[in-house]
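The primary structure of each chain is shown beneath.
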Amino acid sequence: EIYPLSLHDALPISEKQKAWKRWAVRWNWANTLMGIAATLTSTLVAANARSNFLSPATIIGCSMVAAALAFLLTTLHAGLKAKGFALAARELEASIARYRFDDELPEKYLAQAEVRGIEILSMFDSKRSGS
């Protein structure tokens, strides 16, 4: 197992890479599921306008759910977060592989890779905030 240089860091580099990869998958699923649910509820509301097969209370509820999901999609930027975590995880994965197979690389190489991963996450966070 490859451990980071900092004693303050709770996770080894390889565990951090796996965690970032898991967060990428979670954010991607969240983005996909919210998008599908928003599309389905919006379609249901639109179809009901033509046929009136649902009660007014159900349609109001579906409209509210569709609006809330659209709000969450635009506010959370789940797709962007998924991409950031995936790129950061790949940065760590590539660095870990290089470190394991190149005996001449110093341990600080792993710390530098972690810093690059954090910078990737920060870059995607700043894109979200419009900076």
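Throughout, a residue's number is its position along its own chain's written sequence, starting from 1. Per-residue local features are limited, in this predicted model, to residues with pLDDT of at least 70; the limit for side-chain atom pairs, both in listing and counting, is 80 or more; totals at the level of whole chains, interfaces and linings are taken over all residues. Working from all heavy atoms in the structure, the side-chain values ignore hydrogens and water.

1. Things to note about the overall build of the protein chain
- Here a strand is any run of E in DSSP of at least two residues, a helix any run of H or I of at least four, and the numbering for each starts at the N terminus. Looking only at helices and strands, the protein chain has four helices and zero strands in total.
- Along the protein chain, helices and strands appear, N-terminal first, in the series α-α-α-α.
- The proportion of buried residues among the 131 residues of the protein chain is 27%.
- Counting only contacts in the protein chain whose residues sit at least 6 apart along the sequence, the fraction spanning at least 24 positions is 67%.
- A total accessible area of about 8,500 Å² is found for the protein chain, and carbon and sulfur atoms account for 63% of it. Partly exposed describes any residue whose relative accessible area lies between the buried limit of under 20% and the exposed limit of over 50%, with all areas from a 1.4 Å probe on protein chains only and scaled to the type maximum. Should any heavy atoms of two residues lie within 4.5 Å, those residues are counted as being in contact. Per-residue and other accessible areas were derived by the Shrake-Rupley procedure at a 1.4 Å probe size, with only the shown protein chains allowed to occlude residues.

2. Details of the environment of L80
- Considering the arrangement of structural elements, one finds L80 in helix α3 (residues 78-101).
- With 56 residues separating them in the primary sequence, L80 and A24 have C-alpha atoms 9.4 Å apart.

3. Some thoughts on the pattern of salt bridges
- For salt bridges, the criterion is a side-chain nitrogen of Lys or Arg within 4 Å of an Asp or Glu carboxyl oxygen. As enumerated under the stated definition, the model contains three salt bridges in all.
- As a salt-bridge pair, K18 and E15 come within 3.7 Å of each other at their nearest N and O atoms. Residue K18 and its partner E15 are both found in helix α1 (residues 13-51); the two are separated by three residues, about one turn of the helix.
- Residue E15 is classed as partly exposed on the basis of its relative accessible area, which comes to 27%.
- With its nearest N and O atoms 2.5 Å apart, the salt bridge here joins E114 to K16. Note that E114 is positioned in helix α4 (residues 108-129) and K16 in helix α1, a separation of 98 residues in sequence.

4. Here's the deal with the side chain of S95
- Mapped onto the secondary structure, S95 falls in helix α3.
- Here a polar contact means two N or O atoms within 3.5 Å. Within protein one must be a hydrogen donor candidate and the other an acceptor candidate, and residues neighboring in sequence count only if both atoms are side-chain atoms. Side-chain polar atoms of S95 contact the side chain of R116, separated by 3.2 Å.
- Among all residues touching S95, those that are not within four sequence positions of it are Y109, L110, A113 and R116.

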